[in-house]
Amino acid sequence: MLRKILFILIAVAAAIPVSAVTDREMEEARAITAKAYLRYANNGSGYLDEITAKSMSELESKLKAKEKENLAAFKSVKVPSDYASWDKEKLVEFWAVTFFTSPALDANGKAAKSRVRKQISAMTVSAPTKETPAATPEPAAEETPAPQSAEANPAEQPQEVTAEAAMEAQEEILADQEAIQKDAEEAQPVTPQQESHTCVYVLVLVILVGIVIWLVVYAANLMKRQPDAAVSGSKSADASADDDELRQQTRKAIAKKNEEVAELHRRLQAEEEKSAAIGLELERMKLERSRLEDKLATLREENARLQQAPAPAPQPAAHRSAPAYENTSAAEHAAIQPAPAPVYDTPAAEPRRERPVAEQPANARVLKVIYLGRANNRGIFVRADRRINPGNTIYRLDTNDGLVGTFHVVDEPEVVETAITAPMDYLANGCLGEDLNDTRGVTRIITESPGTAIFENGYWKVLRKSRIRYE
């Protein structure tokens, strides 16, 4: 009975396939580790992501100079020779952990441990074909005469006890195996479903591995583009800086031109005021000339009258200074206002009473008329003319002394037409009235009370505005 049990155990052990690492699988795992190590050791080795190699020789034929240089450190690490007894877990443990503990390896390359673990875990380690167990059931059965060896060698009796315990254990194991076998036979219809689930898991794993590889390739390409992005970013920053500088220069140029325009505008206003002052001064000089011409004409008439009059009788020497005023004009005579001379009862003094001095000032001051243009914001009339100047004349100024006068709006059709086109420009600075902008249907401008103007610094200026109304 014992022999039969041992025979069954040996047969079962021989039937179970043993997973072991072959030379081809060891070489493939080494190539996978080398590729991952070289990829992490050099960030510029993105081309390795597109290389597939099953052996070191195949991998080395596809490497560039930099990777061949880094491969020297990889090759310097010794590989154990007893890998034929390893299973898949030991293979993964060596290449993903033990191998990377070598100090000869590059620090950056050691970061490839996780990638190596994933790729080698995905490998299939097949059962060796040449390393089947040499022991057969027959030799095992022949070498199990335990009672004879126990009797021949009494020192080994404890082994007999152990064998008996083992027999009991083996009987229990056989019972369990029979139960398991029954359960397996009952569960045979479910096996295809389990296999289908396994296929699904494998397919999902393959898809996930593909996604990881794609993400790695994408990250590598993105890292390659980063320098270009940095260059483009710097170029865009430079371009934006140039645009800001150009905008600042443009603003400065515009501000400078605006200042020049404002300066030219101020100069133009100054020139206009200067021109207006010159025009007013010219008009004043014309008035002065007219006054002097009138005075000259009066003196000539006086002189002619005196020449035609009979010679006066001789007077005493004490009173000869009095006729000195006879050759002066009435205006000068009134301005001088000499002290009255004593009156003598002589016949020669009677003809002088025909031209009393008190009656002369009525003709000394002649009313002068000046036609003025619009008044500016400072109340200064911009021009003065002796006659109406269509398109420019707005007011008429009347003055006796050339210093102060009254003015009113000229009630002429051409003047009214000009004034109502822009009442705020032509009328507002010299006139007061209700709703000056309402010029619809206006045909006349009536001055209700004249304004007052004064002549100072060479131009006429508004002292008091006139009041007008429209008709």
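Residues numbered from 1 in each chain as written. Predicted model: local features only at pLDDT ≥ 70, side-chain atom pairs only at ≥ 80, totals over all residues. Heavy atoms only, no water.

## Considerations on the sheet that holds strand E1 (residues 368-372)
The strand order E2-E1-E3-E4-E7-E8 describes an open sheet built from six strands, whose pairing is antiparallel. Looking at the sheet topology across the chains shown, the edges are occupied by strand E2 (384-385) and strand E8 (459-464). When strand E3 (residues 395-399) meets strand E4 (residues 404-409), the two strands line up antiparallel, connected through five bridges. For Leu 397, the partnering residue across the bridge sits in E4 and is Phe 407. (Pairing = 2+ DSSP bridges. Helix = DSSP H or I, 4+ residues; strand = E, 2+ residues; numbered from the N terminus.)

## Comments concerning the sheet that holds strand E5 (residues 431-432)
What the three strands build is an open sheet, ordered E5-E9-E6; its pairing is mixed. The outermost strands of the open sheet, each flanked by one partner alone, are E5 and strand E6 (445-449). For E5 and strand E9 (residues 466-470), the ladder comprises two bridges, and the chain directions are parallel. The residue of E9 that forms the bridge with Leu 432 is Arg 467.

## A few points about empty space enclosed by the protein
If you walk through the whole model with that rule in mind, you get one cavity of 30 Å³ or more. Each pocket or cavity is described by its volume, and for the largest cavity that value is around 30 Å³. In terms of lining residues, the largest cavity is bounded by Arg 39, Asn 43, Gly 46, Ala 220, Met 223 and Lys 224. For the lining of the largest cavity, the leading source of residues is helix H10 (residues 191-308), giving three residues. (1 Å grid on protein atoms, 1.4 Å probe; cavity = no way out; pocket = protein on both sides within 12 Å on 5 of 7 lines; lining within 4 Å. Points joined across faces, edges and corners; volume = space filled by probe spheres on them.)

## So, the packing of aromatic side chains
Inspection of the entire model under this criterion finds twelve aromatic pairs. Ring geometry for Trp 86 versus Phe 94: centroids 5.4 Å apart, planes at 45 degrees, classification tilted. Assigned by exposure class, Trp 86 and Phe 94 land together as buried. Judged by centre distance (4.9 Å) and plane angle (75 degrees), the rings of Phe 94 and Trp 95 are edge-to-face. Judged by its relative accessible area of 8%, Phe 94 falls in the buried class. Trp 95 gets classed as buried once you look at its relative accessible area, which sits at 0%. An aromatic cluster of at least three residues, connected via ring pairs, comprises Tyr 37, Phe 74, Trp 86, Phe 94, Trp 95, Phe 99 and Phe 100. (Phe/Tyr/Trp six-rings, centres within 6.5 Å; stacked < 30°, edge-to-face > 60°. Buried < 20%, exposed > 50% of the residue type's maximum accessible area, 1.4 Å probe, protein only.)

## Thoughts on the side chain of Arg 115
Among the structural elements, Arg 115 can be located in helix H6 (residues 113-121). The class of Arg 115 is buried, set by a relative accessible area of 16%. Setting aside anything within four residues of it in sequence, one finds Arg 115 in contact with Ala 36, Arg 39, Tyr 40, Asp 49 and Val 216. (Contact = heavy atoms within 4.5 Å.)

## Concerning H6
Considered for burial, the residues of H6 that qualify are Arg 115, Val 116 and Ile 120. Within H6, the buried residues cover an arc of 120 degrees as seen down the axis, which keeps them to one side. (Arc of directions from axis to C-beta.)

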